[in-house]
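Architecture at a glance
Next come the chains, spelled out residue by residue.
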Amino acid sequence: MKKAKILSVGRYMPERVVTSEEVEEMAHFSKFGVRSGLTKMLTGCETRHFAADGEYCSDIAAKAGLDALKRAGVEPSEIDALLFCSVTHDFAEPATANVVADKIGVRNAFVFDIKNACNAFLSGVDVADSLIKTGKAETVLVVSGEAFSRWMKFDYDNKAELMERAPVALSLGDGGGAFLLRASDDQERGINKSYFHTYSDLWNHNVVWGGGVMYPHASDKLYVPGTTKGIADKQKEIYAGILPKIKDIFGMTFADADVIIPTQVAKWVVYNVADMFSAQMGLPASDFVKKIVSVVDKYGNVGSSNVPIAAYEAIENGMVKEGSKTFCISVGVGISEGIMSATF
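Notes on the structure follow. (Residues numbered from 1 in each chain as written. Predicted model: local features only at pLDDT ≥ 70, side-chain atom pairs only at ≥ 80, totals over all residues. Heavy atoms only, no water.)

1. Some remarks on helix 9 (residues 267-281)
Quick reminder of the rule: Only DSSP runs of H or I with at least four residues qualify as helices, and only runs of E with at least two residues qualify as strands; both kinds are numbered from the N terminus onward. An expected span of 1.5 Å times one less than the residue number is assigned to each helix. Summary of the burial criterion: residues with accessible area below 20% of their type's maximum are buried, those above 50% are exposed, and those between are partly exposed, where the area comes from a 1.4 Å probe applied to protein chains only. Note on definitions: a residue-residue contact is assigned when non-hydrogen atoms from the two residues lie within 4.5 Å.
For helix 9, spanning 15 residues, the distance from its first C-alpha to its last is 22 Å, which sits close to the expected 21 Å at 1.5 Å a residue. All of the buried residues in helix 9 are Val 269, Val 270, Val 273, Ala 274, Met 276, Phe 277 and Ser 278. Elements that come into contact with the buried residues of helix 9 comprise helix 7 (229-242), strand 9 (259-262), helix 10 (285-289) and strand 10 (325-332). Remark: Gly 282 follows helix 9 within two positions and exhibits a positive phi of approximately 70°.

In structure tokens:
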């Protein structure tokens, strides 16, 4: 059976950089007597990128995809399938993947969107892996393009709402990433195994209520509310439950991995994950911290783009090299969890 090899990783970050102090001013922290610096203190996010006027999800994803193609020396005509995997999107219908394909110049492929909150990109890579393994596609481009700055709320009604929701919601940023995958006979490199599970009874956390048929014309509901406490609490339980099964599922543990690439929600999550891994395996937490890619301080929480953006960063700084064994981990509202082992 062919293996889905990661030919390249692409990334695009919009030009505008916004500090946490700036977004706190935009959210009128001083009006409610809240001191500046709360967002950075609670999430670790110092800066994030915002898309320019007239720059959309499809633009961000297309630029990340083109970067991946250029790095691999692959032409758009070689793409058999293109998957757009993001929380945000250009419009309700058709699939934003159509626009991305048009902007990249992909004409010989089937394209579609995958929506699964922050877990969309990893879900897309898993689908791409399946397409390649079943012979339905040879070369697949998986892209994400988040424009959360268009879904951020800055007009909070009162101090209580701001304190509960703003720090998490204001750590969001814009950006895109891409994985270019191709069928390969090399069994030593590529996507190894994946594990996905959804806790569907917990979907009612951090819901963007606008944009669907439930509230079709409610523009005041088109924002990320930042109500993530239930997800954070459940995440601890998720990791505690999955850790003992890792060896059986993947044939290796997190201790065996060279690099761990998690979704970038907050700085404290990185250290919590390291503590849980170390406690389960009887190893120092510092051993795991060294393996974990953390870029939330520079880019904030970029939703589904978190994993490819962090993977790109890890390649650029030398953490991920050819032959590196990695675990990619994402958790999205829904609540959906995904873990994937891959050898670059």
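2. Considering the environment of Asn 158
What counts here: We call two N or O atoms a polar contact when they sit within 3.5 Å, provided that within protein one can donate a hydrogen and the other can accept it, with sequence-adjacent residues counted only if both atoms are side-chain atoms.
The residue Asn 158 is located in the loop between strand 6 (139-147) and helix 6 (159-169) in this model. Residue classification places Asn 158 among the partly exposed residues on the basis of a relative accessible area of 37%. Between the C-alpha atom of Asn 158 and that of Phe 32, which follows or precedes it by 126 residues, the distance is 7.3 Å. Among the polar contacts listed, one links the side chain of Asn 158 to the backbone nitrogen of Glu 161, at a separation of 2.8 Å.

3. Section: a negative patch on the surface
Going by this rule: A residue counts toward a patch only above 30% relative accessible area and without a salt bridge, and it is joined to like-charged neighbours within 9 Å or, for Val, Leu, Ile, Met, Phe, Trp and Tyr, to nonpolar neighbours within 5 Å. All accessibility values rest on the Shrake-Rupley procedure with a 1.4 Å probe; residue burial counts only the protein chains present in the view. For salt bridges, the criterion is a side-chain nitrogen of Lys or Arg within 4 Å of an Asp or Glu carboxyl oxygen. By the counting rule applied here, Lys and Arg register as positive and Asp and Glu as negative, while His and the ends of each chain are not counted. We put the charge of a Lys on NZ, of an Arg on CZ, of an Asp on CG and of a Glu on CD.
A contiguous patch of negative charge, built from Glu 21, Glu 22, Glu 25 and Glu 46, is present on the exposed surface. One can find Glu 46 in the loop between helix 2 (38-43) and strand 3 (47-50).

4. Thoughts on the pattern of salt bridges
Two side chains that carry opposite charge are able to pair once their charged atoms sit near each other. Taken as a whole and assessed by the stated rule, the structure comprises 13 salt bridges. Between Lys 2 and Asp 185 there is a salt bridge, and its shortest N-O distance comes to 2.8 Å. Separated by 183 residues along the polypeptide, Lys 2 in the segment before strand 1 (3-12) and Asp 185 in the loop between strand 7 (174-184) and strand 8 (190-198) bring together distant segments of the chain. Here Lys 2 falls in the partly exposed class, since its relative accessible area comes to 38%. For the salt bridge of Asp 59 with Lys 103, the shortest nitrogen-to-oxygen distance reads 2.7 Å. Note that Asp 59 is positioned in helix 3 (residues 57-72) and Lys 103 in helix 4 (residues 96-104), a separation of 44 residues in sequence.

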